[in-house]
Amino acid sequence: MHNAAFCAVLHQPWRINQYTFFDIGHHKHYFNDGLNKRLFERIARKSYLPTLKIMKDLCEDNEFKVNLSMTGTFMEQAKKYKPSVIKALQDLNDTGGLEILGETYYHSLAFLTSENEFKDQVNMHKKMVSDLFNKKAKIFRNTESFYNDDVAAAAEKLNFKGIVTEGSEKILGWRDPGYPYKADNTKLQLFMRNYKLSDDIAFRFSSRSWEGYPLTATKYANWLKNMPNPFTVIFIDFETFGEHHWEDTGIFEFLKHLPREARKDTGVEWTHLSNLLSKKFVDKINSPEFISWADMDRDLSAWLGNEMQNSAFNFLRELELPVKATKDLSLIETWRKLSTSDHLYYMSTKFAGDEEVHSYFRAEAYQGPYDAFTNFMNILQDLKSLVNDKLTKA
Amino acid sequence: MNVLILSSELWPVFSGGLGVAVYELIKSFNKVRNHVKFLVGIPRINWKGDLDAEIIEAPAKLGYSVYFHNGEPILDWESIRQIYGFNFSLFKACEHKKFDVIHANDWMTVPAGIMLKEKGVPFIFHVHSTEFDRTNNKPRDWVVEMEKMGAEKADLVIANSKKTKRQLVDVYGIDENKIKVIYNGINLDRFKSNPHKPLKKLGEKVVLFVGRLTIQKGVWHLLHAAKMVNSVDPQVKFVIVGDGPDRNYLIKLAVSMGLEKNIIFTGKVNDEELLAAYQSSDIFVMPSVSEPFGIVALEAIASGNPTIVSKTSGVGEIIKNCFKVDYWDTTLLASRILETLSYPPVKRALRQNGSREVTKFSWDEISKEFEKVYGGIKGA
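Small disclaimer: the values here were computed from a predicted structure and weren't measured.

**Examining the overall build of chain B**
Helices and strands together make up the secondary structure of chain B, namely 14 helices and 15 strands. Scaling as 2.2 N^0.38, a compact globule of 380 residues should have a C-alpha radius of gyration of about 21 Å, and chain B matches this with 21 Å. Across its three principal directions, the C-alpha atoms of chain B cover 65 × 45 × 40 Å. Here chain B, with 380 residues, has 59% of them falling under the buried criterion. Approximately 15,500 Å² of chain B is accessible, and the part contributed by carbon and sulfur atoms is 53%. Side-chain charges in chain B split into 50 positive and 44 negative, and the spacing between the mean points of these groups amounts to 4 Å.

**Here's the deal with the domain arrangement of chain A**
Residues and elements named next belong to chain A. For chain A, the domain assignment lists domain 1 (2-285) and domain 2 (301-393). Inter-centroid distance (C-alpha atoms) of domain 1 to domain 2 is 24 Å. Surface buried jointly by domain 1 and domain 2 totals about 3,000 Å² across both partners, of which 60% is contributed by carbon and sulfur atoms. Taken together, domain 1 and domain 2 are joined by 3 salt bridges.

**Quick look at the sheet that holds strand β13 (residues 283-286) of chain B**
Residues and elements named next belong to chain B. Within the open sheet, the 6 strands sit side by side as β12-β11-β10-β13-β14-β15. Their pairing is parallel. Taken across any chain shown, the strands that pair with only one partner, and hence form the sheet edges, are β12 (263-267) and β15 (323-325). For this sheet the average axis-to-axis angle between neighbouring strands, irrespective of direction, equals 20°. Both strand β11 (residues 236-241) and β12 contribute to a ladder of 4 bridges, which runs parallel. Within β12, the residue paired with Val241 across the bridge is Gly267. Its contacts with the sheet put helix α9 (residues 271-279) on β10 (205-210), β11 and β13, and the angle it makes with β10 is roughly 135°.

**Overview of the side chain of Ser28 of chain B**
Residue and element names in this part refer to chain B. The topology assignment puts Ser28 in helix α1 (residues 17-32). Relative accessible area serves as the criterion here: at 3%, Ser28 is assigned to the buried category. Within polar-contact distance, the side chain of Ser28 engages the side chain of Asp364 at 2.8 Å. Engagement of the side chain of Ser28 in a polar contact is seen with the side chain of Ser367, the distance being 2.7 Å. Setting aside residues no more than four positions away along its own chain, Ser28 makes contact with Arg33, Trp363, Asp364 and Ser367.

**Looking at unusual backbone geometry**
Most peptide bonds adopt trans geometry, and most residues besides glycine take a negative phi value. Residue Pro214 of chain A follows Tyr213 of chain A across a cis peptide bond; omega there is -10°. If you trace the backbone, Pro214 of chain A turns up in the loop between α8 (195-202) and α9 (217-225). For the bond from Trp11 of chain B to Pro12 of chain B, the omega torsion is 5°, close enough to zero to count as cis. With respect to the helices and strands, the residue Pro12 of chain B is situated in the loop between β1 (2-6) and α1. In this structure, Asn62 of chain A is a non-glycine residue whose phi angle is positive, near 60°. Note on placement: Asn62 of chain A falls in the loop between α1 (33-60) and β2 (66-70). Relative accessible area serves as the criterion here: at 56%, Asn62 of chain A is assigned to the exposed category. One non-glycine residue, Asn159 of chain A, lies in the positive phi region at around 70°. Following the sequence through the fold, Asn159 of chain A ends up in the loop between α6 (149-157) and β5 (162-166).

**With respect to the pattern of salt bridges**
Applying the stated criterion across every chain, the model contains 51 salt bridges over all chains. A salt bridge links Lys87 of chain A to Asp91 of chain A, with the shortest nitrogen-to-oxygen separation between them at 3.0 Å. Here Lys87 of chain A pairs with Asp91 of chain A, and both are found in helix α3 (residues 83-94), just 4 residues apart, close to one helical turn. Residue Asp91 of chain A is classed as partly exposed on the basis of its relative accessible area, which comes to 25%. Across the pair Glu147 of chain B and Arg134 of chain B runs a salt bridge whose closest N-O atoms are separated by 2.8 Å. With Glu147 of chain B in helix α5 (residues 141-153) and Arg134 of chain B in helix α4 (residues 131-134), this residue pair connects regions lying 13 residues apart in the sequence. Judged on exposure class, the residue Glu147 of chain B and its partner Arg134 of chain B are both buried. Each of the salt bridges in this network shares a partner with another, and the network as a whole consists of Glu117, Asp120, Glu320, Lys324 and Arg336 of chain A.

**A few points about the interface of chain A and chain B**
Between chain A and chain B, the residue contacts involve 20 residues of the former and 25 residues of the latter. Around 1,900 Å² of area is buried between chain A and chain B when both sides are counted, 65% of it from carbon and sulfur atoms. Of all residues in chain A, the largest losses of buried area upon contact with chain B belong to Phe21, Phe22 and Tyr370 of chain A, amounting jointly to 38% of the total for that side. The interface formed by chain A and chain B holds 1 salt bridge in total. The interface formed by chain A and chain B contains 8 residue pairs in polar contact (both at pLDDT 80 or more).

**Here we look at the packing of aromatic side chains**
Residue and element names in this part refer to chain A. For the coordinates displayed, the defined rule picks out 41 aromatic pairs over all chains. Plain terms: the ring middles of Phe40 and Phe74 are 5.6 Å apart, the flat faces sit at 45° to each other, and that makes the pair tilted. Placement of the pair is Phe40 in helix α1 and Phe74 in helix α2 (residues 72-81), with a sequence separation of 34 residues. A single burial state applies to Phe40 and to Phe74, both of which are buried.

**Some words on the packing of α9 of chain A against helix α10 (residues 251-263) of chain A**
Residues and elements named next belong to chain A. Their axes nearest at 8 Å, the elements α9 and α10 cross at an angle of 40°. Classified by the interaxial angle, the pair formed by α9 and α10 is oblique. Taken as a pair, α9 and α10 cross one another with a handedness that is right-handed. Contact residues: Ala217, Thr218, Tyr220, Ala221 and Lys225 in α9; Phe254, His257, Leu258, Glu261 and Ala262 in α10. Considering only residue class, the contact of α9 with α10 consists of 6 nonpolar, 2 polar and 2 charged.

**So, the sheet that holds β1 of chain B**
All names here are of chain B. Judged by pairing direction, the sheet is parallel, and its 7 strands sit side by side in the order β3-β2-β1-β6-β7-β8-β9 without closing on themselves. Of all strands in the sheet, those bounded by a partner on one side alone are β3 (54-58) and β9 (179-181). Within this sheet the neighbouring strands show an average axis-to-axis angle of 20°, counted without direction. Taken together, the 5 bridges between strand β2 (residues 37-43) and β3 define a ladder with parallel strand orientation. Bridge pairing in β3 links Val40 to Ile55.

**Overview of the pairing of β1 of chain B**
All names here are of chain B. Within β1, 4 of the 5 residues are buried, leaving the element largely enclosed by the surrounding structure. In this sheet, β2 lies alongside β1 in parallel orientation, the contact comprising 5 bridges. What sits directly across from Asn2, in β2, is Lys37. Pairing between β1 and strand β6 (residues 101-105): 4 bridges, direction parallel. Along β6, the bridge assignment pairs Leu4 with Ile102.

Conventions we followed
Residues numbered from 1 in each chain as written. Chains lettered and ligands numbered in written order. Predicted model: local features only at pLDDT ≥ 70, side-chain atom pairs only at ≥ 80, totals over all residues. Heavy atoms only, no water. Helix = DSSP H or I, 4+ residues; strand = E, 2+ residues; numbered from the N terminus. Rg over C-alpha atoms; globule rule 2.2 N^0.38 Å. Buried < 20%, exposed > 50% of the residue type's maximum accessible area, 1.4 Å probe, protein only. Areas by Shrake-Rupley, 256 points an atom, 1.4 Å probe, with all protein chains shown as cover. Lys, Arg positive; Asp, Glu negative; His and termini not counted. Charge placed at Lys NZ, Arg CZ, Asp CG, Glu CD. Domains from an automatic or database assignment. Buried area = accessible area lost by both parts, 1.4 Å probe. Salt bridge = Lys/Arg side-chain N within 4 Å of Asp/Glu carboxyl O. Pairing = 2+ DSSP bridges. Axes fitted to C-alpha atoms, helices over the stretch in contact; angles between N-to-C directions. Contact = heavy atoms within 4.5 Å. Polar contact = N/O pair within 3.5 Å; in protein donor to acceptor, adjacent residues only side chain to side chain. Phe/Tyr/Trp six-rings, centres within 6.5 Å; stacked < 30°, edge-to-face > 60°. Parallel < 35°, antiparallel > 145°, perpendicular 65-115°, else oblique. Left-handed = near helix turned anticlockwise from the far one by under 90°. Nonpolar A, V, L, I, M, F, W, Y, C, P; charged D, E, K, R; others polar.

This is how it looks when you write it as structure tokens:
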């Protein structure tokens, strides 16, 4: 029997306001509350609520198991703009069908900022999961599946048992993603996303030019049943349902029928990642270089691929210690909201096949990568002046 | 195949953007698609240039007076007489020539184009700007009628941007299925980034504007942005290249705003000076209120300038690697200028990615589009 772990990520960044050069030093509000509210409400209506309802029904009938990664910024926005989303997640949790993954609270590149910041953000997330769901995550997934050997080691220190990343050929080589591997030099099990089967749903589902179109639950279930390996990790953006593919593409019907179709004739068992934790590894995997699940490059280049992104990230990093030195909790929170990786993603100047995905996510907030950069820099300049004021007064 | 081009201008003699576009198009065909032969009908300007084409100069003179007087668009009997005289003599001069396609550019050659179409030759009307663009929405009905007639009679209309196409559909009521958008190109050999910056020895930061000094070019907004920029950084100089009916007004305005030390009005410049201006600046701005295309922005980008254009411009539709602002948002325009000067990574990114992007608009790429159009319409 084949096992399938269905995983999805729920995330929203705190998008920032238009902030001109003349606003620097005037400490205008940084975050675009109107836009954040509008987008959250729209996506809750089109995607979160209907999808969570379907998942709850399926889990109640013992047909399905779900693994979710939900960021702290997502949960804050749900609380602020649409508390029924939290309720829906708690209902799903009550069915016993939900496993929650650990991650950085702010969906950030904290791992590259500092060890302390990384630890703090992971622990903040742990606390949130415990407060809201009374659960403890065993499996870690770093922001956007950023991964290398050091991330695995850091996750082990924080008591995780497993870690998910991209099933990239860069680290797998000829090996198949659907086997238990050990992250080198740790005791952690490394779960590799099957990006082909994941992207079939996430990107190709409604693409008429794809040979797999139309993708029916039966067709996909058969692909899973015929997998030669012990398990498959499907990992997608939660908004795939209803937002990236609208309801009229049939995506909800697909989700409603897939679990049952797959389980038919004892074909596929849906599972939580932690149930796949094994004592017997087929191999160990090392990854000196960073990989991620994004773009065709599957590395950090979507976030740190050009000079603007690097200079913005360095500026953010330089502010860590001064911000923390103020001991002002609201300033620290603001700095952390700015550490969310989306802010860097908007500055990407990739022009090949990935441009479409980047501009989709940037669309509502910016004209292009250049204003995404200067706007963010203006805000960091203002934050810097705020911090300096605080520190000189103190 | 023989193509008859009709135009009121032809670079390098008596020429604005239209004359440059016509010249570069033919030049590119000469270079890479020389199986297409050109006949070019223009007013008598004693044209001397290096095109491989039969130049037909119609015995008529057209002057600046046709467009404006003291900044107001004018239309008197004299200019109507001039236009019709030109078109009639253009018709007479071309009547017995052999050509397979007529390609008329802008309203001033519409009557000749329509008369020549009677010979059974397909007629393309190419719109580089409309009367509404040129007159800041104070159109002369007669000219609008001429444009409408040209577009209606044409077998195919070419618009130089989606914005122009929308205008033709919404304002002129032209069937959108017969309008094809082909953007203007740029001669990449002429406009190149020059790291030596010959004129920039004073160590000052230069913001450049190039265009006619009329309301629709948005210089008024640029002056207000300049005021804000200089309040933060008095070292920034604004160079305004070009002439036009609003010149005196704008100079007085600049002085009354206390900008006399920071704004340089160069007046009209020659080609060499224009290239030097592009290469001497740190940022190029095109804050046009209305801009059907905006070739100067492509020239500036090709010359290595980080560039800010207004959203209401044709180039704004197609160029990704530039800043886009609302022309009325002077605060944002000023902010973008200061940001570009303050954050070197954005300056370098705009410069590098922009010069890569404009290669898509080489005339050799654009003439490929026209080759398809000529071939298609001839066969139809």
